Structure formats: structure tokens, C-alpha cells
Amino acid sequence: MFQHVVIVGCGLIGCSFALALRRAGFDGRITGWGGGESVEEAIQRGIISERERSFDEGHSCPADFIYLAAPVLAIVEFLQTKSGLLKPGSFITDAGSTKVEICRTARRCLPSGIDFLGGHPMAGSEKSGAEHAHADLFEGAAYILTPDDRTPSERLAQMELLIREIGARPIRMTAEEHDRTIAYISHLPQYLSTALAATIERHPDARQWLSLAGEGFRDMTRLAASRFRLWRDITLTNRENILQALDEYIRDLSTLRQAVATEDLEAVEESFQRANRLSPTD
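The residue numbers shown here count from 1 along each chain, following its written sequence. Thresholds applied to this predicted model are a pLDDT of at least 70 for local features of residues and 80 or more for the giving and counting of side-chain atom pairs; totals over whole chains, interfaces and linings are not thresholded and use all residues. The side-chain quantities take in all heavy atoms of the structure and omit both hydrogens and water.

This paragraph deals with the sheet that holds strand S3 (residues 50–51). Pairing in this open sheet of eight strands is mixed, and the strands run S3-S2-S1-S4-S5-S6-S7-S8 from one edge to the other. Looking along the sheet, the strands with just one partner apiece sit at the ends: S3 and strand S8 (169–172). The criterion for strand pairing is that DSSP finds at least two bridges linking the strands in question. Numbering of helices and strands starts at the N terminus; helices are DSSP runs of H or I of at least 4 residues and strands are runs of E of at least 2. Here strand S6 (residues 115–121) pairs with strand S7 (residues 142–146) via four bridges, running antiparallel. Within S7, the position partnered with His 120 by the bridge is Ile 144. Sitting on the sheet, helix H4 (residues 72–82) is in contact with strand S1 (4–8), strand S2 (29–33), strand S4 (65–68) and strand S5 (91–94), with an inclination near 140° to S4. By the convention used here, residues are in contact when the closest approach between their heavy atoms is within 4.5 Å. Axes, fitted as lines to C-alpha atoms, cover a helix only where it is in contact. Angles between the N-to-C directions of the axes lie from 0 to 180 degrees.

Counted as salt bridges are all cases of a side-chain nitrogen of Lys or Arg within 4 Å of a carboxyl oxygen of Asp or Glu. Scanning all chains against the criterion turns up 12 salt bridges. Glu 40 is paired through a salt bridge with Arg 51; the nearest N and O atoms lie 3.3 Å apart. Of this pair, Glu 40 sits in helix H2 (residues 38–44) while Arg 51 is found in strand S3, placing the two residues 11 residues apart along the sequence. Exposure is judged per residue with a 1.4 Å probe applied to protein chains only, and the accessible area is read against the type maximum: over 50% gives exposed, under 20% gives buried, and values in between give partly exposed. For Arg 51, a relative accessible area of 18% gives the class buried. Where Glu 215 meets Arg 218, a salt bridge forms, and the shortest distance between an N and an O atom there is 3.0 Å.

Multiplying 1.5 Å by the helix residue count minus one yields the expected span of that helix. Between the first and last C-alpha of helix H6 (residues 153–165) there are 18 Å, a value that for 13 residues agrees with the 18 Å anticipated at 1.5 Å per step. Those residues of H6 not exposed but buried are Arg 155, Leu 156, Gln 158, Met 159, Glu 160, Leu 162 and Ile 163. Each element contacted by the buried residues of H6 is listed here: helix H1 (12–23), S4, S5, S6, S7 and S8. Immediately beyond the C-terminal end of H6, within one or two residues, lies Gly 167, with a positive phi of roughly 95°.

Further remarks concern a nonpolar patch on the surface. Note that patches include only residues with greater than 30% relative accessible area and no salt bridge, and the join distances are 9 Å for like charges and 5 Å for nonpolar side chains (Val, Leu, Ile, Met, Phe, Trp, Tyr). In short, Shrake-Rupley with a 1.4 Å probe defines the accessible areas, and a residue's cover is counted only from the protein chains shown. A cluster of nonpolar side chains, Tyr 249, Ile 250 and Leu 253, forms an exposed patch at the surface whose accessible area comes to about 270 Å². One can find Tyr 249 in helix H11 (residues 239–261). Note on Tyr 249: relative accessible area 32%, which makes it partly exposed.

Mapped onto the secondary structure, Lys 99 falls in the loop between S5 and helix H5 (100–109). Given the relative accessible area of 0%, Lys 99 is considered buried. Placed 71 residues apart in sequence, Lys 99 and Gly 28 show a C-alpha to C-alpha distance of 29 Å. A polar atom in the side chain of Lys 99 sits 2.8 Å from the backbone oxygen of Gly 96. Here a polar contact is taken to be a pair of N or O atoms separated by no more than 3.5 Å, where protein atoms must pair a possible hydrogen donor with a possible acceptor and residues adjacent in sequence count only if both atoms sit in side chains.

So, about the pairing of S2. Counting buried positions over the five residues of S2 gives four, a clear majority of the element. Two elements, S1 and S2, share five bridges in a ladder whose sense is parallel. Bridge assignment links His 4 to a residue of S2, and that residue is Arg 29. Read from S1 through H1 to S2, the crossover connection turns out right-handed. As defined by bridge partners, S2 adjoins S3 across two bridges and the pair is classed as parallel. Its bridge partner being in S3, Gly 32 is matched across the sheet by Arg 51. When the strands point away from the viewer and the path from the first strand over the helix to the second turns clockwise, the crossover is right-handed.

Time to look at the side chain of Glu 160. Take Glu 160: it is sitting in helix H6. On the basis of relative accessibility, which here comes to 9%, the residue Glu 160 falls in the buried class. Engagement of the side chain of Glu 160 in a polar contact is seen with the side chain of Arg 172, the distance being 2.7 Å. When neighbours within four sequence positions are excluded, Glu 160 is seen to be in contact with Leu 145, Pro 170 and Arg 172.

For the pair H4 and H5, interaxial distance at closest approach is 9 Å and the crossing angle is 5°. Compared by their axis directions, H4 and H5 come out roughly parallel. Taken together, the residues of H5 that come into contact with H4 (itself represented by Val 72, Ile 75, Val 76, Leu 79 and Gln 80) are Glu 101, Ile 102, Thr 105, Ala 106, Arg 108 and Cys 109. Residue type decides the class: Asp, Glu, Lys and Arg count as charged, Ala, Val, Leu, Ile, Met, Phe, Trp, Tyr, Cys and Pro as nonpolar, and the leftover types, Gly among them, as polar. A class-by-class count of the residues in the contact of H4 with H5 yields seven nonpolar, two polar and two charged. Comment on the angle field: the value is read as roughly parallel under 35 degrees, roughly antiparallel over 145, roughly perpendicular from 65 to 115, and oblique elsewhere.

A separate point is the environment of Gln 258. Looking at where Gln 258 falls in the secondary structure, it is placed in helix H11. In this structure the C-alpha to C-alpha distance between Gln 258 and Val 268, which are 10 residues apart in sequence, comes to 9.3 Å.

Here we come to unusual backbone geometry. Residue Glu 263 is not a glycine yet carries a positive backbone phi of 55°. Residue class for Glu 263 comes out exposed when judged on its relative accessible area of 66%.

So this is what it looks like as C-alpha cells:
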């Protein structure tokens with residue numbers, strides 16, 4: 001399929017993708033670029049073979065497949081500044097958490113003869129870095145692809161096959177549909193977890209309370225351990241969709257608060273019943 005893969009951004013997702021490729025039988029060359037010391041750590045762990053030096057030295061990159069797994073705005077910057085160094089006939093995809101800005105930049109900056117397909121694996125962790133990478137990260141996960149009218153059908157089929165080979169489920173959406181959807185099922189939960197943890201942290205007895213907390217609290221605040229560096233870019237590139245999701249949640253929370261304040265237990269029960277219809281029971 002490919003002979004040489006470059007992972008741009010050797011963190012959790014990029015390194016896990018490299019490990020998943022190896023597990024799926026890929027025996028070609030895998031190099032890495034970007035992210036400061038992360039490339040060296042990936043080399044030391046045997047995830048990639050060496051640093052990709054073509055981008056630093058300003059000559060054509062020999063890879064035929066480039067996987068962009070950096071934060072969103074770092075992906076945008078790569079497309080803006082390094083597109084001219086990509087080999088004609090190469091295939092580039094990304095794993096960015098928002099898609100509209102990345103896909104728009106790819107259409108504008110990539111030269112003809114280089115194929116691009118936006119992607120986003122719905123897999124990950126509040127943990128980051130090559131030390132947490134593992135080959136089965138994508139196992140059973142949805143992997144969203146955002147083709148447009150310029151996407152060659154053979155590239156889409158090629159990427160869908162690759163996604164299945166690493167254990168994930170390919171799903172097609174437009175970039176706009178992706179960003180709206182992910183604002184609700186990924187970005188909103190992050191903000192809620194962060195706000196909950198910040199609310200507790202504000203209290204002087206927070207540490208004592210944590211010693212009493214059960215699994216429910218830990219589940220609710222797990223995402224609060226996420227690093228802001230990644231979420232800064234998500235916030236900047238999906239602001240309107242995130243605001244809409246937050247506004248809807250705040251309205252529902254205010255309605256629930258009013259029901260509690262007035263002891264309107266029927267309204268409280270209605271909120272529980274609506275939540276129960278969505279939530280699994282086993």
C-alpha cells in the first residue's frame with residue numbers, strides 16, 4: 001500500500017497509529033517529525049525508525065503517506081508552510097479534532113497531484129505522549145472521514161480499508177457535520193468535566209472531599225486532567241458550535257435548578273427520564 005509513512009506529531013494518537021500500522025502488517029519505513037522531544041522519545045521506544053529531516057532541511061519529503069497527528073493549529077501551520085515539500089502523488093490525512101479549518105487550509109495550500117482526506121479517530125485519552133501509545137487504541141472506535149467533491153474515490157476506499165485494518169470503523173461525514181456533532185459529544189463533555197473539577201477545587205475542603213469521592217465523581221472529572229494546549233486549538237477553531245452546545249446545556253441546567261428550587265419533583269423526574277432514554281441501563 002505505502003512504502004514510507006511520516007507521522008507528524010509523535011504523541012498519543014500519532015504513535016498509536018504507527019503501532020497499529022505495524023500490528024496490521026505494515027513493514028515499510030516510518031519516520032516522525034515535529035513536537036520537540038516527542039520524536040526522540042518515539043525513536044527510543046521503537047515506535048518510529050528515525051526523525052524525518054526533509055522538512056527541516058527544506059527538500060522534498062520522500063514519503064508517500066503523511067499522517068498529521070498534531071494539535072489543530074499546528075496541522076494548519078504545517079499545511080501552510082510545508083505543502084511545497086510533499087512528493088507529487090503522495091497522500092496526506094490528519095487526525096485533528098476539528099475539521100472545517102483543516103480541510104479548508106488543505107484545499108487552499110496543497111499543490112495539485114497531492115491527495116488529502118480529513119480524518120478524526122474517536123479514540124484517545126486524557127493522557128498524552130508516546131509513553132501512553134498502544135496498538136489497540138483504535139480498536140472498535142469510530143474513525144470519521146470527511147471527503148469532499150475533490151477526494152478521489154480510490155483514496156477514500158484506500159483509507160477506509162486501512163482504518164478497518166487497524167481495528168476501527170470508518171464513518172463518512174462532511175467537515176461541517178463533524179464539527180457540529182463533535183461539539184456535543186466530545187467538546188461539551190470536556191468543558192463540563194473541567195467546570196465541575198474547577199468548582200470543587202475552589203473550595204478549601206476540596207482535598208478532603210476527594211478522599212470521599214466514589215467512581216461516579218472520578219468518571220465525571222476524568223477529562224478534567226486533559227491538557228489545555230490541545231483544547232486551546234479546538235476552542236479557537238470550533239467556537240460557534242461549542243457555544244451553541246454550552247448554551248443548550250446551560251438552559252437545561254437552569255431548568256433543572258429551577259425545578260429543584262421550587263420542589264417541582266415532576267420536572268426533575270422528567271429530566272431524569274429524558275436522560276435515561278439516552279443512557280445505557282446495563
